[in-house]
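# Tertiary structure, described
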Amino acid sequence: MAHRSLHDVLREMAADAGVVDEVVRAARTESPEVARLPVDENRRHVAIVLAAGLASFDRPGGAGEQDYAAAAVLGADRAAQGVPLAALLRGVQAGRSRAVEIAVERGKAAGVPDDVMLAALVDFDRNTRALERQVIAGYHEAELELSRTVHDSRARLLRRLLGGDTTAPSAEEVANAGLNPGGRYHCLLADVGDPYQARVVERRLGATGGVFGLVEGRLTGLAPRLPTRAALGDDVLMVASPAVPLAEVRGTYALCVMALPTAARSRGLHAVADLAVETALAAQPGLAALLEGTLLNALTPGDPFHEQLVSTALAYLDHGRRLDQTAAALHVHANTVRYRLSRLGEITGTSLDPPEEDGGAHVRHTVSWWWALRTWHSG
């Protein structure tokens, strides 16, 4: 009965999003290379390991073929994503250690006897170690296969051009990968991390004439032409930099990485330049909270009327303070917009309209209000 109690503890752990986040955090903290992957990829990894560890309770003999197959695929994915094996294992081991710590804490809280808990956790640890061996085997198999392909050589070149490798490729290496050493290229970064999906999207982008691969876990490319809306599709979010010489693509890639979360509200292609203000402001959450508290402290989060006032004010600023355009966008009368803006001013004690003097005050006032409203609305 006590052994079954620990089984229940472990099963609850596997289903607990907070536990998964704890294990993910441990893996990402220990391995910076793993931390560069999208968080969802890390969660997928942890879910597979925890599920296979539980198999030692659910099935005689522990993990089965399906568990090992999933682990091997996971290792292959990490190889395709360019995560070094040593970095992968550091993350795996840190995550496993944190999972065992949580299991011990919860097992003690549930009153599981120490000897039962020790025996069960030994089985759990043995099972997860066996799974790790399958991850390594899958990694090595994929690494050998990928090393033979032109696609992987191009992906490795992209990582050298854009990532942490400071060794610049030669002009011959650049040309062999299909890039013109003297050309100008847009940096393209998509929110696609799954290797299979990345290959599907990459095939759709063939008309750009670019070179694509997974860099830090996301589909990335350098292309002389931007993709069309039809080629990109409605299911992909992508940010694009202006075309620059190859010597400058590392800097534009860093800007794309910063801008990608800002663009996440909608699918499609987004120019990094169009996201510049939002990206810069998003990097200063402390100032955003300060502005919100200063200008909108009198508003109550969750109050439907206050939310309506904020949405109207945002639309008003987004439409250049044009009442007619704001009213059309909100499908209300212009007088309704005027009333809501008036009520917002009465409640907050400040005006959405800029001061009379110029000297940059108009722009600063608008940005401050827009930033505060966006922060309050997204909170």
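With an unreviewed UniProt entry as reference, the protein is termed Helix-turn-helix domain-containing protein, source organism Amycolatopsis coloradensis.

For the rest of this paragraph, the subject is the nonpolar core. In terms of nonpolar packing, the biggest core is built from 25 residues, with Leu161, Leu162, Leu179, Leu222, Val239, Leu246 and Val249 touching the most fellow members. Secondary-structure elements contributing two or more residues to this core are α8 (150–162), β1 (184–190), β2 (211–215), β4 (237–240) and α12 (249–259). Every residue in contact with leucine 162, bar those within four places of it in the chain, is listed here: Thr220, Leu222, Val249, Arg250 and Tyr253. Leu352, Trp370, Trp371 and Ala372 belong to the second largest nonpolar core, which has 22 residues in total.

Our focus in this paragraph is the side chain of threonine 348. Among the structural elements, threonine 348 can be located in helix α17 (residues 334–348). Of the polar contacts made by the side chain of threonine 348, one reaches the side chain of threonine 350; its length is 3.3 Å. Once you skip the residues sitting within four places of it in the chain, threonine 348 turns out to touch Leu295, Leu296, Ala298, Leu299 and Trp369.

Here helix α15 (residues 304–318) crosses helix α16 (residues 323–330) at 130°, and the two axes come no closer than 9 Å. Relative to α16, the element α15 lies oblique. Here the hand of the crossing between α15 and α16 comes out right-handed. Facing α15, whose interface residues are Thr312, Ala315 and Tyr316, α16 presents Leu323, Thr326 and Leu330.

Our next topic: the side chain of arginine 340. You can see arginine 340 is positioned in helix α17. Of the buried charged residues, arginine 340 lacks a salt bridge, with aspartate 303 as the closest side chain of opposite charge at 12 Å.

This paragraph deals with α17. In this model α17 runs 21 Å from its N-terminal to its C-terminal C-alpha over 15 residues, within 8% of the 21 Å that 1.5 Å per residue would give. Among the residues of α17, those classed as buried are Val337, Arg340, Leu341, Leu344 and Thr348. Within α17, the buried residues cover an arc of 95° as seen down the axis, which keeps them to one side. Count one or two residues on from α17 and you reach glycine 349, which has phi positive near 80°.

To continue, consider empty space enclosed by the protein. On inspection of all chains with the given rule, the structure shows 1 cavity of 30 Å³ or more. Put simply, the largest cavity is a space of about 200 Å³. Around the largest cavity sit 16 residues that line it, and Val23, His45, Val46, Val92 and Gly95 are the ones nearest its centre. Looking at the lining of the largest cavity, the elements that each hand over two or more residues are α2 (17–30), α4 (39–58), α6 (85–109) and α7 (114–147). With 6 residues, the top contributor of residues to the lining of the largest cavity is α6. Split into classes, the residues belonging to the lining of the largest cavity amount to 10 nonpolar, 5 polar and 1 charged.

Our next topic: the environment of aspartate 303. Note that aspartate 303 resides in the loop between α14 (285–296) and α15. Here the side chain of aspartate 303 touches phenylalanine 305 through a polar contact of 2.9 Å, landing on its backbone nitrogen. A polar contact of 3.1 Å, which involves the side chain of aspartate 303, links it to the backbone nitrogen of histidine 306.

Moving on, we get to unusual backbone geometry. You will see that arginine 321, though not glycine, has its phi angle at about 60°, which is positive. In this structure, arginine 321 sits in the loop between α15 and α16. Within the chain, histidine 331 stands out as a residue other than glycine whose phi angle is a positive 60°. With respect to the helices and strands, histidine 331 occurs in the loop between α16 and α17.

Sheet faces and side chains relate simply in a regular strand, where the side chains alternate between the two faces. Where burial is concerned, most of strand β3 (residues 218–223) is hidden: 5 out of the 6 residues are buried. Strand direction decides the pairing type here: β1 and β3, joined by 4 bridges, are antiparallel. Residue pairing in the sheet places histidine 186 in a bridge with alanine 223 of β3. Sheet topology note: the β2/β3 ladder contains 5 bridges and is antiparallel. Directly across from phenylalanine 212, in β3, lies its bridge partner glycine 221. Between β2 and β3, which pair antiparallel and follow one another directly, the connecting turn spans 2 residues, one of which, glutamate 216, has a positive phi of 55°.

Taken residue by residue, the protein gives an average pLDDT of 84. The fraction at 70 or more is 91%. The lowest-confidence element of the protein is helix α1 (residues 2–15), averaging 69 in pLDDT; the highest-confidence one is β1, averaging 96.

In a regular helix each residue adds 1.5 Å, so 15 residues correspond to 21 Å; α15 covers 21 Å between its end C-alpha atoms and thus fits that length. Listed as buried for α15 are His306, Leu309, Val310, Thr312, Ala313, Leu314, Ala315, Tyr316 and Leu317. With a side-chain oxygen positioned 2.9 Å from the backbone nitrogen of phenylalanine 305, the residue opening α15 is aspartate 303. Positive phi appears at glycine 320, one or two residues downstream of α15, with a value of about 65°.

Before going further, it helps to spend a moment on the pattern of salt bridges. Summed over all chains, the structure comprises 20 salt bridges. A salt bridge links glutamate 22 to arginine 98; the nearest nitrogen and oxygen atoms lie 3.1 Å apart. Highlighted residues: glutamate 22 in helix α2 and arginine 98 in helix α6, separated in sequence by 76 residues. With its nearest N and O atoms 2.8 Å apart, the salt bridge here joins arginine 44 to aspartate 77. Taken together, the residues span a long stretch of sequence, with arginine 44 in helix α4 and aspartate 77 in helix α5 (residues 65–80) at a distance of 33 residues. Overall, the relative accessible area of 26% leaves arginine 44 in the partly exposed class. Connected via shared salt-bridge partners are Glu22, Arg25, Arg98, Glu101 and Glu105.

About the criteria used
Residues numbered from 1 in each chain as written. Predicted model: local features only at pLDDT ≥ 70, side-chain atom pairs only at ≥ 80, totals over all residues. Heavy atoms only, no water. Core = buried A, V, L, I, M, F, W, Y, C linked by side-chain atoms within 4.5 Å. Buried < 20%, exposed > 50% of the residue type's maximum accessible area, 1.4 Å probe, protein only. Helix = DSSP H or I, 4+ residues; strand = E, 2+ residues; numbered from the N terminus. Contact = heavy atoms within 4.5 Å. Polar contact = N/O pair within 3.5 Å; in protein donor to acceptor, adjacent residues only side chain to side chain. Axes fitted to C-alpha atoms, helices over the stretch in contact; angles between N-to-C directions. Parallel < 35°, antiparallel > 145°, perpendicular 65-115°, else oblique. Left-handed = near helix turned anticlockwise from the far one by under 90°. Lys, Arg positive; Asp, Glu negative; His and termini not counted. Salt bridge = Lys/Arg side-chain N within 4 Å of Asp/Glu carboxyl O. Expected span 1.5 Å × (residues − 1). Arc of directions from axis to C-beta. 1 Å grid on protein atoms, 1.4 Å probe; cavity = no way out; pocket = protein on both sides within 12 Å on 5 of 7 lines; lining within 4 Å. Points joined across faces, edges and corners; volume = space filled by probe spheres on them. Nonpolar A, V, L, I, M, F, W, Y, C, P; charged D, E, K, R; others polar. Pairing = 2+ DSSP bridges. pLDDT = per-residue confidence, 0-100.

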